[in-house]
Amino acid sequence: MNTQNTPVHIKLWHRDFWLLVVANLLLTMSVYVLLPVVPQWLMQTENFSPEETGFSMGAFGLGLYLLGSLVSWLVQRYRRNQVCLWAIIAVALDVALLWYIDGLRSEFVEFWVILLHRFALGAAFGLAQMVLSSTLIIDTCESYQRTEANHSAAWFARFALSLGPLTGVLVYHHVGFDKVLWTAVGCTLLSILFIRHVDFPFRAPEEGVHVASLDRFLLPHGFVLFVNLLLVSTVMGLLFTLPLSAMFYGLMMVGFLLALLAQRFVFRDAELKSEVVSGLILLVAALLILLVYPHSPVAPVLVGLGMAIISARFLLFFIKLSRHCKRGTSQSTFFLGWETGVALGLALGYATVYDQRDLLLYTCLGFTAAALLMYHLYTHAWFIRNKNR
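Reference entry: report on the structure contained in this document. Each chain carries its own residue numbering, running from 1 in the written order of its sequence. In keeping with the predicted nature of the model, local features appear solely for residues at pLDDT of at least 70, side-chain atom pairs appear and are counted solely at 80 or more, and the whole-chain, interface and lining totals rest on all residues. Each side-chain value is derived from all of the structure's non-hydrogen atoms; neither hydrogens nor water enter the calculation.

Considering a nonpolar patch on the surface
And then number 1: A grouping of Leu97, Trp99, Tyr100, Leu104 and Trp182 is seen on the molecular surface, where their side chains present a nonpolar patch of about 500 Å² in accessible area.
And then number 2: The secondary structure listing takes helices from DSSP runs of H or I that are at least 4 residues long and strands from runs of E that are at least 2 residues long, numbered from the N terminus. Element by element, the count of residues in the nonpolar patch is highest for helix H5 (residues 80-103), at 3 residues.
And then number 3: Note that Trp182 resides in helix H8 (residues 177-196).
And then number 4: A relative accessible area of 39% means that Trp182 is categorised as partly exposed. Patch definition: residues above 30% relative accessible area lacking any salt bridge, with like charges linked at up to 9 Å and the nonpolar side chains Val, Leu, Ile, Met, Phe, Trp and Tyr linked at up to 5 Å. Per-residue and other accessible areas follow the Shrake-Rupley method at a 1.4 Å probe size, with only the shown protein chains counted as cover for residues. Think of a salt bridge as a Lys or Arg side-chain nitrogen and an Asp or Glu carboxyl oxygen that are within 4 Å of each other. Burial classification: accessible surface area is computed with a 1.4 Å probe over protein chains only, and a residue below 20% of its type maximum counts as buried, one above 50% as exposed, and the rest as partly exposed.

Quick notes on unusual backbone geometry
And then number 1: Not every positive phi belongs to a glycine, and Asn47 is a case in point at roughly 65°.
And then number 2: Following the sequence through the fold, Asn47 ends up in the loop between helix H2 (38-44) and helix H3 (50-63).
And then number 3: The phi angle at Arg216 is positive, at roughly 65°, despite the residue not being glycine.
And then number 4: With respect to the secondary-structure elements, Arg216 resides in the loop between H8 and helix H9 (223-240).
And then number 5: Judged by its relative accessible area of 12%, Arg216 falls in the buried class.

Some thoughts on the nonpolar core
And then number 1: Buried Ala, Val, Leu, Ile, Met, Phe, Trp, Tyr and Cys residues that are joined via side-chain atoms within 4.5 Å together make up what is termed a nonpolar core. Residues Leu34, Ile195, Met236, Leu239, Phe240 and Val303 are the most contacted members of the largest nonpolar core, which totals 136 residues.
And then number 2: In terms of residues, this core owes the most to one element, helix H12 (residues 298-321), which gives 16 residues.
And then number 3: Contact between two residues is taken to exist if any of their heavy atoms lie within 4.5 Å; hydrogens are not considered. Residues in contact with Val303, not counting those within four places in the same chain, are Met236, Leu239, Phe248, Met252, Leu283 and Ala286.

A look at the state of the cysteines
And then number 1: Note on terminology: disulfide denotes any pair of cysteine sulfur atoms within 2.5 Å. Taken as a whole and assessed by the stated rule, the structure comprises 0 disulfides.
And then number 2: There is no disulfide at Cys187, and the cysteine sulfur nearest it, in Cys84, is 15 Å away.
And then number 3: Accessibility expressed as a relative area gives 9% for Cys187, which makes it buried.

The structure is reproduced here in structure tokens:
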């Protein structure tokens, strides 16, 4: 199937599916609302160095993998929606812990405490997202609708890339850091509320499920796609370390909406390779504009447009690479590739090139060029040879 578009089934958009995709948006926002704010709090209030801040933000990416091998066993051993709900509760408690730490004004928090906090947040968020995207959302739709369901749910999570930081910056500047934390907690609580309003019928557990496995966690033969996606999402993480305004994040959202239109009308019958290549070229253009015109309103639109086009196509590549029974695993692998790259970009941005804007943008250009060369020279042909559908 070399068409660029995903078919639309109106019947997919029923009440339960709407509740779950909005829950997915809110859950992702609860983490992304912290990204532009927590590093500033660490450096300005808790007296962390940029290197310590970078390591702290990067610890989130390591935490994502802690519970992944247990996902398949957990959703077979316990009610799958309950596993997701408890993981989201853990996210809420972890964020609330920052509020308690922030209240200890008489002393600076230890570096290892924040490392553990970010690691635990990554573990809880990773478990919640993998269960929600690889199991719950898929369970609400018919088998022929599942590619569209994955695609649509990922778009809602993608909107959080703009809406989360935008909300965080606005709340931080108007009412302070503690209100940002409660905004994040509020997003998790709303996510819990929406998931609880969806009925999940009892499913008898499968026999012979191992406690630890790669099912619903990682797709080993998707390694090439994983690395190529990682290069792209690292650029996004690096950009998050810049002192970006609320307007920048708002204009990124415009780019996301343009990407939706482009997928439907511009790339509908285009050659399969064109989408990722075009997205990477748009990203290069955005970075060059940022180097010359730092306050250009065009650059954030191009960042959103390019990132959305690339990530949407890579998700479909992961799905087409997997067998039908491994659809949930491909979704989780895409999620891990994206979030690991963002965490890596945050770590590199703060620990190595913080407050060196031009050098950071040149680093972003290097990663983008590497992603483009890898995709053009190897990844696309490799995918065509190895796809299953």
